Each structure stands twice: as C-alpha cells, then as structure tokens.
Amino acid sequence: MAGDALTWKEFGEEHLAALTELAEACLAVDGGLPLFARTPLLRARLLQTRTLGAWHDGSLVAAVGVGTGRVPATSTGLVHPAWRGRGLGGRLLSWAGEQAGDADLLLTTESWNAGADALFTARGFERTFTEWVLRHDLTALPDVAHPDGVRAEPVTLDAELFDTYRASFADRPGFTAPTAEEWLGELQDDDAYRPDLSLLARGPDGAAVGFVNVLDNWIDQVGVVPEWRGRRVGAYLVASALRSLAGDGAREAWLCVNDNNPAADLYRRLGFHDAGRRARYLRPR
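Account for the packing of helix α1 (residues 16-30) against helix α2 (residues 39-46), naming residues and giving values.
α2 packs onto α1 with a crossing angle of 95° between their chain directions and a minimal axis gap of 11 Å. Overall, the two elements α1 and α2 adopt an arrangement that is roughly perpendicular. Contacts from L16, L19, T20 and A23 in α1 reach T39, L42, R43 and L46 in α2. Residue composition of the contact of α1 with α2, grouped by class: five nonpolar, two polar and one charged.

Just give me the short version of the environment of G89, but keep the residues and values in it.
Residue placement: G89 occurs in helix α3 (residues 88-100). Judged by its relative accessible area of 23%, G89 is partly exposed. In this structure, the C-alpha to C-alpha distance between G89 and S75, residues 14 residues apart in sequence, is 13 Å. With near-sequence residues (within four places) excluded, G89 lies in contact with V79 and L119.

Which residues make up the pairing of strand β8 (residues 199-202), and what values do they have?
Covered by surrounding structure in β8 are L199 and A201 together with L200 and R202, the residues of both alternating faces. Pairing geometry for β8 and strand β9 (residues 208-215), over four bridges, is antiparallel. Following the sheet pairing, L200 is matched in β9 by F211.

So what about the environment of L184? Which residues, and what values?
Checked against the element boundaries, L184 lands in helix α6 (residues 180-189). For L184, a relative accessible area of 15% corresponds to the buried category. Put simply, L184 and A159 are 25 residues apart on the chain and 8.3 Å apart in space, counted from C-alpha to C-alpha. Those residues in contact with L184 that lie beyond four places of it in its chain are L157, D158, A159 and F162.

Could you give an account of the side chain of D30, with specific residues and numbers?
Mapped onto the elements, D30 comes out in helix α1. Taking the relative accessible area as the measure of exposure, D30 reaches 15% and is therefore buried. Of the polar contacts made by the side chain of D30, one reaches the side chain of R84; its length is 2.7 Å. With residues near it in sequence (within four places) discarded, D30 still touches R84, S111, W112, N113 and G276.

Give me the lowdown on the packing of aromatic side chains, citing residues and values where you can.
Applying the stated criterion across every chain yields a total of 13 aromatic pairs. Summarising the aromatic geometry, the rings of Y165 and F169 are spaced 5.4 Å apart at their centres and angled 45° between planes, so their arrangement reads as tilted. Of the two residues, Y165 and F169 both sit in helix α5 (residues 159-169), four residues apart, roughly one turn of that helix. We note that Y165, like F169, is buried.

An account of the pattern of salt bridges is requested, with residue identities and associated values reported.
This structure, assessed with the given rule, holds 17 salt bridges. E110 is paired through a salt bridge with R278; the nearest N and O atoms lie 2.6 Å apart. Taken together, the positions of E110 in the loop between β5 (105-109) and α4 (114-122) and R278 in strand β12 (residues 273-283) put the pair 168 residues apart, joining distant regions of the chain. Grouping residues by exposure puts E110 and R278 together as buried.

Tell me about the layout of surface pockets, residues and numbers included.
Taken as a whole, the second largest pocket spans an internal volume of roughly 470 Å³. At the level of elements, α1, β4 (73-79), α3, β5 and α4 are the ones that each hand at least two residues to the lining of the second largest pocket. For the lining of the second largest pocket, the leading source of residues is α3, giving six residues. In terms of residue class, the lining of the second largest pocket is built from 14 nonpolar, twelve polar and three charged.

Account for the nonpolar core, with residues named and values stated.
Residues I219, V233, Y267 and F272 are the most contacted members of the largest nonpolar core, which totals 32 residues. Sorting the residues of this core by element identifies β8, β9, β10 (218-224), α7 (233-247), β11 (252-258) and α8 (263-269) as the ones contributing at least two each. Of all the elements, α7 adds the most residues to this core, at nine residues. Residue contacts for F272: discarding those within four places in its chain leaves L134, R135, H136, I219, V238, L242, A253, W254, L255 and Y267. Listed in part, the 24 residues of the second largest apolar core include V61, V66, W95 and Y281.

Rules used throughout
- Residues numbered from 1 in each chain as written.
- Predicted model: local features only at pLDDT ≥ 70, side-chain atom pairs only at ≥ 80, totals over all residues.
- Heavy atoms only, no water.
- Axes fitted to C-alpha atoms, helices over the stretch in contact; angles between N-to-C directions.
- Helix = DSSP H or I, 4+ residues; strand = E, 2+ residues; numbered from the N terminus.
- Parallel < 35°, antiparallel > 145°, perpendicular 65-115°, else oblique.
- Contact = heavy atoms within 4.5 Å.
- Nonpolar A, V, L, I, M, F, W, Y, C, P; charged D, E, K, R; others polar.
- Buried < 20%, exposed > 50% of the residue type's maximum accessible area, 1.4 Å probe, protein only.
- Pairing = 2+ DSSP bridges.
- Polar contact = N/O pair within 3.5 Å; in protein donor to acceptor, adjacent residues only side chain to side chain.
- Phe/Tyr/Trp six-rings, centres within 6.5 Å; stacked < 30°, edge-to-face > 60°.
- Salt bridge = Lys/Arg side-chain N within 4 Å of Asp/Glu carboxyl O.
- 1 Å grid on protein atoms, 1.4 Å probe; cavity = no way out; pocket = protein on both sides within 12 Å on 5 of 7 lines; lining within 4 Å.
- Points joined across faces, edges and corners; volume = space filled by probe spheres on them.
- Core = buried A, V, L, I, M, F, W, Y, C linked by side-chain atoms within 4.5 Å.

Right, here's the structure in full:
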C-alpha cells in the first residue's frame, strides 16, 4: 500500500481540474468514454454524496465518489495508472462499501481495465453491463450502396420517429420503452442533439423503416425495424451520418455498443475501431 506518502481527504467542486487530470490519465491508458473527462459527466460520477481522494505532492492520484441517496447506492472510482498495484483501488472500494451500508452497491466505470475487473470480481461484484467504445477517423469514410427502394431524410421530432425507435428495439432482451413524451423530450432538451444530421429512412411505400440519431459527433442510436434488417439500411444510415459529420468539420466520430450486440461487427466493418470499454458491476447485500 502507498502508506504515509499519501494524504486522504474529501474533494469537491473546487477540485474539478484535478479530477479532470486524473480522468484523462486513466483514459489515456485504459481507453473508454472520452466524455468522462468533461465536467458534466465527471461531476455526476465523482461529486456524489460522499467523496474520498488520495493526494501526493499536491496531485490527486486516486478518487472515489459514492451516492447514497438512491437504490442501489452508486460509486465510481479512479486510480492513476502510475499508482496502481499499491492497494489504493482496494481501499477505495472498501470505503465505498462502508458508505453504502446495507444498500446494494452499483459500481460504474467509464474507463474499464482488467485490473479493476479482477478486483471487483474478487470482492463479489457481478458485471451486469459492458459496452465497447468505438472511434471512427473521418478522414476515411465508408462507401455503402444505397438500399433499393429506401430514401433518407432529416428527422422530425414526432410520434413517427418514436414509433420507429420502439419498433426497432422492441425485440431486444430487457427492452422497456419509455413514453413518447419522455424519449422525444430528452432529445429536444439535449443541446448536443443534431436533428439536421439525424436521419429517418423510408421504404418504397413511405413507411419509416429505420433511423439514426446524432449527438454532437456521436452516433447515439441506430435502429432498423425487424422486417427491414439485413438490407443495408443501418449501414447506409450510419455511413450517411459519418459523411455529414465530416462535411460539418468533425475529425472523428464515436459510438458505444453493447458487447453482446451483433451490430458491433457492422460498425467495425464501417471503419470504427475499439477505443476502450465501460461497464457496470453490482453487489447485492
């Protein structure tokens, strides 16, 4: 363990710059969700009900936040790559468990690494969710043939778009549809949403058969209704969105895909490359 060289204390809003440096160091080595190093997500994950950080010579080398106002309790922790293998992760995890008390504890990691996975598993946590984070260099764009009889148009935030989303995802295991008001309202309220780059695909009869939603330079959601799968609709929508992003000046595009989603193979064929993983772990009491 690092021992006396470290100072352990709470951190807060005034330490966002130090938290950002720590998150960036972890992402540089582990990969993962680049948005994690931006203030909104960093604040949500680490500035929770209780916090604990380890400092060395004025630098933050480990940090954990625990949210106790919900069920299950939630926690996110980070250890600087240069300080791993010294017991800091175990100490952070034990402290998080103490703060959670009798509540179930959900661990969130946006920059997954094998060492943390081994620690969590050894402590009785089960991985319940894993996503690949994929990056696309927009200097090389995929060429996807236009699907026969399909045309694509900019989306309109209306019931048709929601119905297309629901029809595209209804057969996925564990899918629970939000209300149209919730789903459309979340998109409308998101300043990063790009309706000008998002697309709705229509078949020969004019019925909607698929969609892609773009947030900033992220391919946020791609869906194709069951009867139109296997006809290049999803690939065409993604390729079209990538071309639009490149034309808008973006240099890269990103997306996240569940590790058991067969669409991951499609995205890799379109030129996306692995850039890390993110995961969730649960330990019931």
